[in-house]
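Survey of secondary and tertiary structure
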Amino acid sequence: MSIQPQDVQQAVQAVIDPGTGQGLLELAQIGNVQISGADVSFDLEMGYPAQSQHPALRQALVAALRALPGVGNVSVQIATKVGAHAAQHGLPLLPQIKNIIAVASGKGGVGKSTTAANLALALAAEGAQVGVLDADIYGPSQPIMLGVHGRPESRDGKSMEPMMGHGLQVISIGFLVSADQAMVWRGPMATQALDQLLRQTNWRELDYLIVDMPPGTGDIQLSLSQRVPLSGAVIVTTPQDIALADARKGVAMFEKVGVPILGLVENMAVHVCSNCGHVEHIFGADGGRRYAADKGIDYLGALPLALSIREQADAGTPTVVAEPDGDVAATYRHMARQMAATLARRARDQSGKLPTITLSRDT
């Protein structure tokens, strides 16, 4: 009995996506199916970046196809194609940026900027084109964390070229002012500066722009959430009650402006003594996990309170690039894949696909 394209489709559908636990074709598309005698080849286009999972996924696909009667050689080409997803209140997406994701916290000191940098690097490591907007006007930290120095180039006197750090496109007010200059600006001035950083930067074909939000839920944060077309937000907290109380406010703010929460990161969840190996939950245990479960938010995972994470960020080489094969980097990459998969399930942006309608009246 000859092999039919629908047989290939059904076999692929039966394979479980390790990133979602669902059928593979939930967030992927099969195409270019070629059948020549016993030989089968096809392309698989993943809707979210998961490059580290491709070898295992390819093996699973080959095994599934070879289980079909009459199938011999199987060739699978796996690629990533990230789609643009709708923003809040129908805000139009920005040119060259498919998705803007805010990384936010209700309060400072929970490791939000470190998490934002590592999530951006993890998405890039998984095969996406990624940029970072440092939205903390009063305390920009991404230039230090990503090891980027200098001033952005302007080719026309009106716009800026993004700086580059570890393969990421980066822009920050920190590139435009001296390191010891205090930004004594009121909220409207800071909001306008951020709007210019976002819209006057010549971003180049980004799948994701990660916005390192300022801490808190004040005027600047609210204005950004209303004016920037966000595809989603990630909340960073520590397990302690005081941090969770502020994280709840951050979630409420995004809910009010129609920005979906893509997940919660529980930072500094546990400390392991480097001398004796003693495990201690300095900020409490599983507070973020419980809150995420109660709220119905995806729990992306927990990160340790580790000296290496701080040292690597201060040195301009965050953990994902400093120790790409380490356990902490693996956690960041897992979080990035889960976040991207959650976004991939959401409604696609259709603004560029609507027909032009012209109304006229004959007189």
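In this text, all values refer to a predicted model and were calculated from it rather than measured experimentally.

Attention now moves to the sheet that holds strand E1 (residues 28-36). What the three strands build is an open sheet, ordered E1-E2-E3; its pairing is mixed. Strands at the two margins of the open sheet, each flanked by one partner only, are E1 and strand E3 (74-80). With strand direction ignored, the average angle separating the axes of adjacent strands in the sheet is 15°. Where strand E2 (residues 39-46) and E3 come together, seven bridges link them in parallel fashion. Paired with Phe42 across the bridge in E3 is Val76. Lying over the sheet, helix H1 (residues 5-13) contacts E1 and E2, oriented at roughly 140° with respect to E1. Against the sheet, helix H2 (residues 54-66) makes contact with E2 and E3, and its axis sits at roughly 145° relative to E3, the strand it touches most.

The complete set of buried residues in helix H9 (residues 307-314) reads Ile309, Gln312 and Ala313. Across the axial projection of H9, the buried residues extend over an arc of 100°, all falling on one side. Looking at the buried positions of H9, the neighbouring elements they touch are helix H3 (112-125), helix H4 (142-145), helix H10 (319-322) and helix H11 (327-344). Positive phi shows up at Gly316, right after H9, with a value of about 85°.

Judged by nonpolar contacts, the single largest core of 104 residues is most densely connected at Val12, Phe42, Leu44, Leu61 and Phe254. Here this core gets nine residues from one element, more than from any other, and that element is H11. Setting aside anything within four residues of it in sequence, one finds Phe42 in contact with Val8, Val12, Ile30, Gly31, Asn32, Val33, Leu61, Leu65, Val74, Ser75, Val76 and Gln77.

Where empty space is left can be seen by rolling a probe of water-molecule size over the atoms. Estimated volume of the second largest pocket: approximately 210 Å³. When residues of the lining of the second largest pocket are traced back to their parent elements, those giving at least two are E1 and E2. Along the lines of polarity and charge, the residues of the lining of the second largest pocket split into five nonpolar, three polar and four charged.

Time to look at the sheet that holds strand E9 (residues 232-237). The eight strands lie next to each other as E6-E7-E5-E8-E4-E9-E10-E13, forming an open sheet whose pairing is mixed. Bordering the open sheet on either side are strand E6 (163-165) and strand E13 (299-302), each of which pairs with just one other strand. Neighbour to neighbour, the strand axes of the sheet diverge by 25° on average, direction disregarded. Examined bridge by bridge, strand E4 (residues 100-104) and E9 share four bridges and lie parallel to one another. Following the sheet pairing, Ile101 is matched in E9 by Gly232.

What follows concerns the environment of Ala315. You can see Ala315 is positioned in the loop between H9 and H10. Taking C-alpha positions, Ala315 is 7.4 Å from Ile144, a pair spaced 171 residues apart along the chain.

Moving on: the pattern of salt bridges. The full count for this structure, using the stated rule, is 14 salt bridges. Salt-bridge contacts for Asp212 lead to Lys112; the nearest nitrogen and oxygen are separated by 2.7 Å. Of the two residues, Asp212 is situated in strand E8 (residues 208-212) and Lys112 in helix H3; the sequence distance between them amounts to 100 residues. Pair check on accessibility: Asp212 and Lys112 agree, each one buried. Arg333 serves as the salt-bridge partner of Glu126, at 3.1 Å between the closest nitrogen and oxygen. Here Glu126 is found in the loop between H3 and strand E5 (130-134), whereas its partner Arg333 is found in helix H11, with 207 residues between them in sequence. Here the two residues Glu126 and Arg333 agree in accessibility, since each one is buried.

Cut-offs and rules
Residues numbered from 1 in each chain as written. Predicted model: local features only at pLDDT ≥ 70, side-chain atom pairs only at ≥ 80, totals over all residues. Heavy atoms only, no water. Pairing = 2+ DSSP bridges. Helix = DSSP H or I, 4+ residues; strand = E, 2+ residues; numbered from the N terminus. Axes fitted to C-alpha atoms, helices over the stretch in contact; angles between N-to-C directions. Contact = heavy atoms within 4.5 Å. Buried < 20%, exposed > 50% of the residue type's maximum accessible area, 1.4 Å probe, protein only. Arc of directions from axis to C-beta. Core = buried A, V, L, I, M, F, W, Y, C linked by side-chain atoms within 4.5 Å. 1 Å grid on protein atoms, 1.4 Å probe; cavity = no way out; pocket = protein on both sides within 12 Å on 5 of 7 lines; lining within 4 Å. Points joined across faces, edges and corners; volume = space filled by probe spheres on them. Nonpolar A, V, L, I, M, F, W, Y, C, P; charged D, E, K, R; others polar. Salt bridge = Lys/Arg side-chain N within 4 Å of Asp/Glu carboxyl O.

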